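Summary of the model geometry
Spelled out from the first residue to the last, the chains are:
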Amino acid sequence: MIDATQLDKTFGAFKAVRDISLHVAEGEVVALLGPNGAGKTTTVRMLGAILKPTSGTARIAGYDVVDQARQVRHIVGLLTEFPGLYHRMRSLEYLAFFGALQGMSVASCQRRSVQLLQQFGLWETRDKRLDSYSKGMKQKIALIRALIHDPPVLFLDEPTTAMDPHSARTVRDALAELRAARRTILLTTHNLVEAETLADRIVVIHGGTVIAEGTRAQLSRQLLGDPIWELRLGAPAEYLEALIVDLASIEASGEDWVQYRCADARNINPRIVERVAARGLPLVALSELPRSLEDVYLSIVADERDERGDWNDENQEPSVVSSPLSVIQSHGLPTTDNGRHEEVRR
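Residues numbered from 1 in each chain as written. Predicted model: local features only at pLDDT ≥ 70, side-chain atom pairs only at ≥ 80, totals over all residues. Heavy atoms only, no water.

1. Thoughts on the sheet that holds strand S2 (residues 14-24)
Strand order in the open sheet formed by four strands is S2-S1-S4-S5, with antiparallel pairing between adjacent strands. The open sheet has two edge strands with one neighbour each: S2 and strand S5 (63-64). Where strand S1 (residues 2-11) lies against S2, seven bridges are found, and the strand directions are antiparallel. Paired with isoleucine 2 across the strands is valine 24, a residue of S2. Packed on one face of the sheet, helix H1 (residues 40-47) meets S1, S2 and strand S4 (55-60) and runs near 120° to S1. (Pairing = 2+ DSSP bridges. Helix = DSSP H or I, 4+ residues; strand = E, 2+ residues; numbered from the N terminus. Contact = heavy atoms within 4.5 Å. Axes fitted to C-alpha atoms, helices over the stretch in contact; angles between N-to-C directions.)

2. Some thoughts on the confidence of the model for the chain
In this model, the chain carries a mean pLDDT of 85, and residues with pLDDT of at least 70 account for 87%. The low-confidence segment residues 313-346 (pLDDT under 50) makes 48 contacts with residues lying over four places distant or belonging to another chain. (pLDDT = per-residue confidence, 0-100.)

3. Side note on the side chain of glutamine 139
Among the structural elements, glutamine 139 can be located in helix H5 (residues 135-147). Once you skip the residues sitting within four places of it in the chain, glutamine 139 turns out to touch Leu79, Pro83, Asp157, Glu158, Pro159, Thr160, Thr161 and Met163.

4. A few points about the side chain of glutamate 194
Looking at the secondary structure, you find glutamate 194 in helix H7 (residues 192-198). Look at glutamate 194 and you get buried, because its relative accessible area is 1%. Side chain to side chain, glutamate 194 and threonine 160 meet in a polar contact 2.8 Å long. (Buried < 20%, exposed > 50% of the residue type's maximum accessible area, 1.4 Å probe, protein only. Polar contact = N/O pair within 3.5 Å; in protein donor to acceptor, adjacent residues only side chain to side chain.)

5. Section: H5
Here H5 spans 19 Å end to end across 13 residues, near enough to the 18 Å set by a 1.5 Å rise per residue. A large share of H5 lies buried, amounting to 10 of its 13 residues. The set of residues buried in H5 consists of Gly136, Gln139, Lys140, Ile141, Ala142, Leu143, Ile144, Arg145, Ala146 and Leu147. The elements touched by buried residues of H5 are strand S6 (76-79), helix H3 (91-101), helix H4 (106-119), strand S7 (153-157) and helix H6 (165-180). (Expected span 1.5 Å × (residues − 1).)

This is how it looks when you write it as structure tokens:
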């Protein structure tokens, strides 16, 4: 569904993205992780046909992001990091405007708007202007805008930013439903718990390039080594390490516990339990120590150096905020003589 090959993006002497190749299958949820300035947002903008790559190619559902940019924008739902809202509009007006740009009929857009506003808890505020919304509410209406035409592909940049825990949970539940409906989602986030919960696969970007990818379990094993297990007894025991040392690598130990690294727990752990039982030792617990995505992420980026050149002020990337003019021009609609759109008023 998403195929990118050797994408590069340069601004002046600064290489924002370097040789990124990415494949996301239909119905897959992939999380893009990386520190600020890593190149995540630039990558998403190229995939969403907002920025033209300096080199490389990308196709979304078979459409080329350069040669078929309009078709790409039609099948993609895009939530940017700083979504522009038309503050004088009310929610139904706002969604009707974007629904029309996507070619939706008035009736289907109305049905979809009501459904999404109710789902995300904004129906009761539908008659308020968007400039009266809180930050979290504005983020939700921007997400609804990305979903209004029920696109098969979603690019979501920090979808739960500024939301309270209840609202963030609502969004995560909605993303889980979209995943079950076989929508393809590229999720950019700094929320590692969110990435771990929602994503089928994780791609880590640093210094403008992909430095690691895989499932959490795959990355954990590759970067943190074999799992660590902990055995605890109900009383101190001498020579506890001696029961294990020939079967696994000892990491740490105390009077009544021992931690060891084991690649083949299914075969090794029963043998350890047999030895403990044969000596009449009171076994309290045997469990794998949890390793978080944060541990994996920090181990990846800690030693990476970012050497991509310097920004050239004359070629610096402008901040991209969705405006009426940019949206209208991107869909090939007419503007007024001075390049401004006719403002929608109520």
